[in-house]
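Structural characterization, general
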Amino acid sequence: MHDIDLVSTLAGGLGVALVFGYITFRLGLSPIVGYLIAGIAVGPKTPGFVANAAIATQLAELGVVLLMFGVGLHFDLNELSRVRRAAIPGALIQSLLAATLGMLLAMAFGWSVGSSLLFGVAISFASTVVVTRVLSDVDEIQTPVGSIAIGWLIVQDLIAVLVLVLMPVFSGGGPIGSLSILLIVAVAVIKIAAVGFVIVIIGGRVVPAVLKHVAATHSRELFTL
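With that settled, consider the packing of aromatic side chains. Across all of its chains, the model carries 1 aromatic pair by this definition. On the numbers, 5.4 Å between centres and 70 degrees between planes, the contact of Trp-111 with Phe-119 is edge-to-face. We classify Phe-119 as partly exposed; its relative accessible area is 28%.

Structure follows, in C-alpha cells:
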C-alpha cells in the first residue's frame, strides 16, 4: 500500500505540477506559482485526486533542500557583505512595519492579542524559497537587485529563528522574566553563530574540494548527487 501511495503521489503530484506550471509560464508568471496551485489542487481541501500528505511533505522538503542548494551554487557570500547596508536595516524595518500592521488589522477583526501578534509575524516574512526561485527563473540572482533581495531574505530568516525561539515563551501564559528572555536569545544567537561558522569553514574549504574531485570523474550523475 505504501508503494502504491508513493507512486500515485509522485505521478499525480508531478503531473498536476506540470499542467499548472505550464499554464502559469504561458501567462508570464514564474512556474513556482503553478507549483503552489498544484499543491493546493492535490491537497485534502480540494475535490479530486488527493496525494498522500506524509509522502508529499517529505518530497516537498527534499525539493526545498535541492532548490536552496542550487541557489547557493550561484550566490557568493561576498556579494551579501556588499549589500549589508541596504539589506539589514531594510529587512528590520519592513518586518517590524508588516508585523505591526498585520497585528493591528487582526485586532480590528476582534482577534486576541496573542493571535494577532502571531498573524502579524507570519505575514511579515517573505518566503526565501519562492523569492530565490523567481530570481533564478529571470536570472537575477547575481545582479545587484538579486543580491540585495537575498541578503534581505537572509536577515529575515535570522529574525524568524529568534521569533520561533521566543514564541513559546510568550504563548505560555505565565509571567516572563527579562533574564529568561535574554538567556533564550543568547543561546539562539550562539547556535546561529556556531552553524554559520561551520557553514563558512566547511562550505568554503571542504565542499569545493569535494566538488572538484567529483567533477574530475566526468560523471553528471555523481556531480548532481
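Having seen the structure, we can now continue with the description.
Quick look at a nonpolar patch on the surface now. Side chains of Phe-197, Val-198, Val-200, Ile-201, Ile-202, Val-206, Val-207 and Val-210 sit close together on the surface and give an oily, nonpolar patch of about 640 Å² of accessible area. Here Val-207 shows up in helix 9 (residues 178–215).

Right, let's talk about unusual backbone geometry for a bit. One non-glycine residue, His-218, adopts positive backbone phi at about 60 degrees. Within the secondary structure, His-218 is located in the loop between helix 9 and helix 10 (220–224). Under the relative-accessibility criterion, His-218 is labelled exposed at 74%.

What counts as what
- Residues numbered from 1 in each chain as written.
- Predicted model: local features only at pLDDT ≥ 70, side-chain atom pairs only at ≥ 80, totals over all residues.
- Heavy atoms only, no water.
- Phe/Tyr/Trp six-rings, centres within 6.5 Å; stacked < 30°, edge-to-face > 60°.
- Buried < 20%, exposed > 50% of the residue type's maximum accessible area, 1.4 Å probe, protein only.
- Patch = residues over 30% accessible without salt bridge, like charges linked within 9 Å, V, L, I, M, F, W, Y side chains within 5 Å.
- Areas by Shrake-Rupley, 256 points an atom, 1.4 Å probe, with all protein chains shown as cover.
- Salt bridge = Lys/Arg side-chain N within 4 Å of Asp/Glu carboxyl O.
- Helix = DSSP H or I, 4+ residues; strand = E, 2+ residues; numbered from the N terminus.

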